[in-house]
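# Remarks on the overall topology
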Amino acid sequence: IQNGGKLDILYSPVQIGGSSTINNYGTITVKYGTTLDVSGKLILSNTGKLVIEDGATVILEIGSLLEYFNGGQIIMYGPNSRLIVKSSIKVMDLANFNIIQNGTSCGKIIVDSELAAFIAENPNATFTLNGSGKNTPFIKIKKNAKLWVMNGLSKKLTISDANVLFEEGATLRCDQPF
């Protein structure tokens with residue numbers, strides 16, 4: 001999708017298959033009531049935007065990869081927008097991965113696999129997750145799920161103003177050094 005281009009997900013589910021790659025320089029909008037199911041590779045380039053409307057879901061399936069470049073954006077509207085992570089989010093170049101919350105209450109990041117990972121491609125990449133208050137659920141690691149923080153990203157992972165829920169057997173594992 002070229003800079004200025006748009007892809008609106010109007011019907012559910014839409015799949016990015018295992019051997020497919022979407023290199024997004026434009027805007028992908030997942031509309032209310034729909035799901036974008038990613039089994040392949042989704043690249044948010046320096047001008048790429050992924051907009052998740054209230055009531056919409058993006059699923060990063062096991063084996064998929066989200067590459068996030070400096071200038072890329074993930075925008076979540078409202079408390080019922082969801083990003084379900086079952087695989088890897090790789091922060092590229094000098095990017096600061098963050099979720100932009102639009103509305104009075106934030107969407108949710110749900111970790112739902114033993115293979116979910118936040119990975120830094122560059123030692124100066126950062127991962128910042130800002131919620132909308134300690135009483136508002138923002139990050140949920142489901143029962144027996146694991147979130148791996150890898151490649152030195154543990155030094156540059158910031159979670160603030162957020163409610164983080166660890167269900168039974170849930171794990172957040174950071175590599176060295178931290």
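Refer to the preceding data block for the structure.
Let me begin by describing the structure that accompanies this report.

Cut-offs and rules
Residues numbered from 1 in each chain as written. Predicted model: local features only at pLDDT ≥ 70, side-chain atom pairs only at ≥ 80, totals over all residues. Heavy atoms only, no water. Phe/Tyr/Trp six-rings, centres within 6.5 Å; stacked < 30°, edge-to-face > 60°. Helix = DSSP H or I, 4+ residues; strand = E, 2+ residues; numbered from the N terminus. Buried < 20%, exposed > 50% of the residue type's maximum accessible area, 1.4 Å probe, protein only. Pairing = 2+ DSSP bridges. 1 Å grid on protein atoms, 1.4 Å probe; cavity = no way out; pocket = protein on both sides within 12 Å on 5 of 7 lines; lining within 4 Å. Points joined across faces, edges and corners; volume = space filled by probe spheres on them. Nonpolar A, V, L, I, M, F, W, Y, C, P; charged D, E, K, R; others polar.

Moving on to the packing of aromatic side chains. Aromatic ring pairs: the centre-centre distance and the angle between the two ring planes describe each pair. All told, the structure shown has three aromatic pairs when counted by the stated rule. With centroids separated by 4.2 Å and ring planes inclined at 25°, the aromatic side chains of Phe-97 and Phe-127 adopt a geometry described as stacked. Here the residue Phe-97 occupies a position in strand E13 (residues 96-102), and Phe-127 occupies one in strand E16 (residues 126-130), the gap between them amounting to 30 residues. Exposure remark for Phe-97: the relative accessible area of 1% places this residue in the buried category. Exposure remark for Phe-127: the relative accessible area of 0% places this residue in the buried category. Residues Phe-118 and Phe-127 carry aromatic rings whose centres are separated by 4.0 Å and whose planes lie at 20° to one another, so their mutual orientation is stacked. Through pairs of rings, three or more aromatic residues link up here, namely Tyr-68, Phe-97, Phe-118 and Phe-127.

With that settled, consider the pairing of strand E12 (residues 88-91). Two strands pair when backbone bridges link them, and strand E9 (residues 65-68) and E12 are joined in this way by four bridges, in the parallel orientation. When the bridges of E12 are listed, Tyr-68 appears paired with Val-91. Of the pairings in the sheet, the one linking E12 to strand E15 (residues 116-120) comprises four bridges and is parallel in character. Each residue of the ladder has a partner; that of Ile-89, found in E15, is Phe-118.

What the rule picks out here adds up to one cavity of 30 Å³ or more. Considered as a void within the structure, the largest cavity measures approximately 60 Å³ in volume. Where the lining of the largest cavity is concerned, the elements lending two or more residues are strand E14 (108-111), strand E17 (137-141) and strand E19 (157-160). Classifying every residue of the lining of the largest cavity by side-chain character gives eleven nonpolar, no polar and no charged.

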